[in-house]
Amino acid sequence: METPAETPNPATPPLAHKPQNWALAALIIGALAIAFSPIFVRLSEVGPTATGFYRTALAIPPLWLWFMVRAPAPERSTLPPLSLILLPGLLFAGDLFFWHLAIKYTSVANATLLSNFAPVIVTLGAWLILRERINRLFMLAMAVSICGALMLVGSSFQLGGTNVFGDMLAFATAGFYGLYMIAVAKLRGRHGTQSLMLWSSLVTALALLPATLLMGEGLLPATAQGWLTLFGLAWVSHALGQGLIAYALGHLPASFSSLVVLLQPVAAAFFGWLWLGESLSGLQIGGGLVVLFGIYLARRAQL
């Protein structure tokens, strides 16, 4: 999960040397890994909040092992600051709470896209908080990517019914995920990926456990297949996917990274068609291609 270079170097232009190339590859693989999460959530035998709890709780053992093997000795022997412990974990808990509910009430493509409107929030935060320079080509790339994402799910929107409720839930989670990415990018300037992922996952799990009980959801899957689904969500989508994205945010601009993560709705729509039988129209396929072109423009803007 970790690549050879872990120390970020903000002074180096993005994508200019090997660590940035590793980070770009990690970002793409991470986006594809988290694209499986809507499938796992749909197949889960427990409620949406309980699924979010297991997503982080079951990821803690591999994340702890990664932390013990790869984290620097000072990080293993001292308690991290409260900002590292609480901020990303609570923001990610809000993201999962709303998003997993959304997946139950709307299509995989809708839930994944609307939760990934975060690039708008991330770009604004990157400019105001992280002091990233945002040029005109990048703004064009973001507009193109979002238009493509709208094409991807445009045919799924309906007036009234449960789809609109699910879409609103998915929109709400965009704010939490956008703030989460900004927090991770900020903290990665001072802390390693291993510490950030371990502590934030622990906080998220502790926040979602009482939320699960308050929602009246059961905690035990009915079958072995149900447990395998939860382990897949925890290990593939969270430990691997979010871990690679957190690593990349230490080396690449947060604004650019948030656009690359829009690969997730493209891949999720494809997976939804492949495994859940959700049809894809020509407009949606074209939208996926437009998203890819927007990401290409964003990379050109960062060179």
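Refer to the structure printed above.
Asks: Can you walk me through the packing of helix α4 (residues 60–70) against helix α11 (residues 193–214) in this structure?
Replies: Interhelical geometry of α4 versus α11 gives an angle of 150° and a closest axis separation of 9 Å. Judged on the interaxial angle alone, α11 and α4 are roughly antiparallel. Between α4 and α11 the crossing geometry is left-handed. Touching Ile 60, Leu 63, Trp 64, Trp 66, Phe 67 and Arg 70 of α4 are Thr 193, Gln 194, Ser 195, Met 197, Leu 198, Ser 201 and Leu 202, all from α11. A per-class count over the contact of α4 with α11 returns 8 nonpolar, 4 polar and 1 charged.

Asks: Which parts of the structure should I look at to understand empty space enclosed by the protein?
Replies: Summary: where empty space remains is shown by rolling a probe the size of a single water molecule over the atoms. Enumeration according to the criterion identifies 1 cavity of 30 Å³ or more in this entry. Put simply, the largest cavity is a space of about 90 Å³. Forming the walls of the largest cavity are 10 residues, and the residues nearest its centre are Asp 95, Trp 99, Tyr 177, Gln 242 and Gln 264. Here the residues of the lining of the largest cavity sort into 3 nonpolar, 5 polar and 2 charged.

Asks: Which parts of the structure should I look at to understand unusual backbone geometry?
Replies: Most of the time, phi is negative for any residue but glycine, and the peptide bond is trans. In the Ramachandran plot, Arg 131 falls in the positive-phi region, its phi being about 60° despite a non-glycine side chain. Along the chain, the position of Arg 131 falls in the loop between α8 (118–128) and α9 (136–154). A relative accessible area of 66% means that Arg 131 is categorised as exposed.

Asks: Explain the packing of α11 against helix α12 (residues 224–248) here, please?
Replies: Between two packed helices, what matters for the description is the angle formed by their axes and the separation of those axes. Where α11 meets α12, the closest approach of the two axes is 10 Å, and the angle between their N-to-C directions is 130°. By the criterion of interaxial angle, the relationship of α11 to α12 is oblique. Here the hand of the crossing between α11 and α12 comes out right-handed. Contacts between α11 and α12 pair Thr 193, Met 197 and Ser 201 from the former with His 238, Gln 242, Gly 243, Ala 246 and Tyr 247 from the latter.

Asks: What should I look at first to understand the side chain of Ser 200 in this one?
Replies: By secondary structure assignment, the location of Ser 200 is in helix α11. Relative accessible area serves as the criterion here: at 4%, Ser 200 is assigned to the buried category. A distance of 3.4 Å separates the side chain of Ser 200 from the backbone oxygen of Met 197, its partner in a polar contact. Apart from residues lying up to four places away in sequence, Ser 200 is in contact with Ile 85, Pro 88 and Gly 89.

Asks: Which parts of the structure should I look at to understand the packing of aromatic side chains?
Replies: Any two aromatic rings considered together are summarised by their centre-to-centre distance and by the angle between their planes. Scanning all chains against the criterion turns up 8 aromatic pairs. Taking the centre distance of 5.8 Å and the plane angle of 25° together, the rings of Tyr 177 and Tyr 180 count as stacked. Here Tyr 180 and Tyr 177 lie together in helix α10 (residues 161–187), a separation of 3 residues that amounts to about one turn. Exposure remark for Tyr 177: the relative accessible area of 5% places this residue in the buried category. Three or more aromatic residues joined by ring pairs form one cluster here, namely Phe 53, Tyr 54 and Trp 227.

Criteria and thresholds
- Residues numbered from 1 in each chain as written.
- Predicted model: local features only at pLDDT ≥ 70, side-chain atom pairs only at ≥ 80, totals over all residues.
- Heavy atoms only, no water.
- Axes fitted to C-alpha atoms, helices over the stretch in contact; angles between N-to-C directions.
- Helix = DSSP H or I, 4+ residues; strand = E, 2+ residues; numbered from the N terminus.
- Parallel < 35°, antiparallel > 145°, perpendicular 65-115°, else oblique.
- Left-handed = near helix turned anticlockwise from the far one by under 90°.
- Contact = heavy atoms within 4.5 Å.
- Nonpolar A, V, L, I, M, F, W, Y, C, P; charged D, E, K, R; others polar.
- 1 Å grid on protein atoms, 1.4 Å probe; cavity = no way out; pocket = protein on both sides within 12 Å on 5 of 7 lines; lining within 4 Å.
- Points joined across faces, edges and corners; volume = space filled by probe spheres on them.
- Buried < 20%, exposed > 50% of the residue type's maximum accessible area, 1.4 Å probe, protein only.
- Polar contact = N/O pair within 3.5 Å; in protein donor to acceptor, adjacent residues only side chain to side chain.
- Phe/Tyr/Trp six-rings, centres within 6.5 Å; stacked < 30°, edge-to-face > 60°.

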